[in-house]
Amino acid sequence: MEAPAAPQGPAEPLPAVEITVTSPDQMRELGRTLAKLLRAGDLVMLTGELGAGKTTLTRGLGEGLGVRGAVTSPTFVIARVHPSLGDGPPLVHVDAYRLSGGLDEMEDLDLDVSLPESVIVVEWGEGKVEELTDDRLQILIHRAVGDTTDEVRHVTLTGIGERWAAADLSVLAV
């Protein structure tokens, strides 16, 4: 008789990749480049202050994935689905800013149903969607706050789980 498998604990974060972005165009390009690494079943969590560039990065992801429709902030509709124009996965873009609860409150979005065949990007998802999968890419975008016109953003990408252990995020730092 075979012993039962040991329960899996939370996946440990892998070494982070840090990138400095100096313009919205560079943030979009980062999204386009990152899209080449994404596949159906990927969950990407974006964290950053208002105006940090989360939607700009997602716009680039949409362009790189070749999806239909303009990627704009889904703040008031909570989620938008952008079908693929080719044979790639659709992009599900979620803005959890207005949601105060965890995964329970997000259940109506059926993200668990969409995840296997889609790339799901969740802005403001920290503490709300981690339970969807053990494998996720966390992206923290830091910008100077206050009265500033500084366009510099410090982007930290951290892969979590087996899926991201095999991915080479360092190609994004070029």
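Remember, it's a predicted structure, so these values are computed and weren't measured experimentally. (Residues numbered from 1 in each chain as written. Predicted model: local features only at pLDDT ≥ 70, side-chain atom pairs only at ≥ 80, totals over all residues. Heavy atoms only, no water.)

## Section: the sheet that holds strand S3 (residues 79-82)
Taking strand neighbours across the sheet as the criterion, the seven strands line up as S1-S7-S6-S2-S5-S4-S3 in an open arrangement whose pairing is mixed. Two strands lie at the open edges of the sheet, namely strand S1 (17-21) and S3, each paired on one side alone. Averaged over all adjacent pairs, the angle separating strand axes in this sheet is 20 degrees, with direction ignored. Judged from the eight bridges that link them, strand S6 (residues 136-143) and strand S7 (residues 153-160) form a sheet pairing that is antiparallel. Residue pairing across strands places His-142 opposite His-154, the latter belonging to S7. (Pairing = 2+ DSSP bridges. Helix = DSSP H or I, 4+ residues; strand = E, 2+ residues; numbered from the N terminus. Axes fitted to C-alpha atoms, helices over the stretch in contact; angles between N-to-C directions.)

## Section: the pattern of salt bridges
Overall, the coordinates contain four salt bridges when judged by the stated rule. Arg-32 is paired through a salt bridge with Glu-63; the nearest N and O atoms lie 2.4 Å apart. In this pair, Arg-32 is assigned in helix H1 (residues 24-35) and Glu-63 in helix H2 (residues 54-65), connecting sequence segments 31 residues apart. We classify Arg-32 as partly exposed; its relative accessible area is 26%. Residues Asp-42 and Arg-163 are paired through a salt bridge, measuring 2.8 Å at the closest nitrogen-oxygen approach. Taken as a pair, Asp-42 in the loop between H1 and strand S2 (43-48) and Arg-163 in helix H5 (residues 162-165) lie far apart in primary sequence, 121 residues in all. Like Arg-163, Asp-42 is buried. (Salt bridge = Lys/Arg side-chain N within 4 Å of Asp/Glu carboxyl O. Buried < 20%, exposed > 50% of the residue type's maximum accessible area, 1.4 Å probe, protein only.)

Read these as layout, nothing more, since geometry by itself doesn't imply function.
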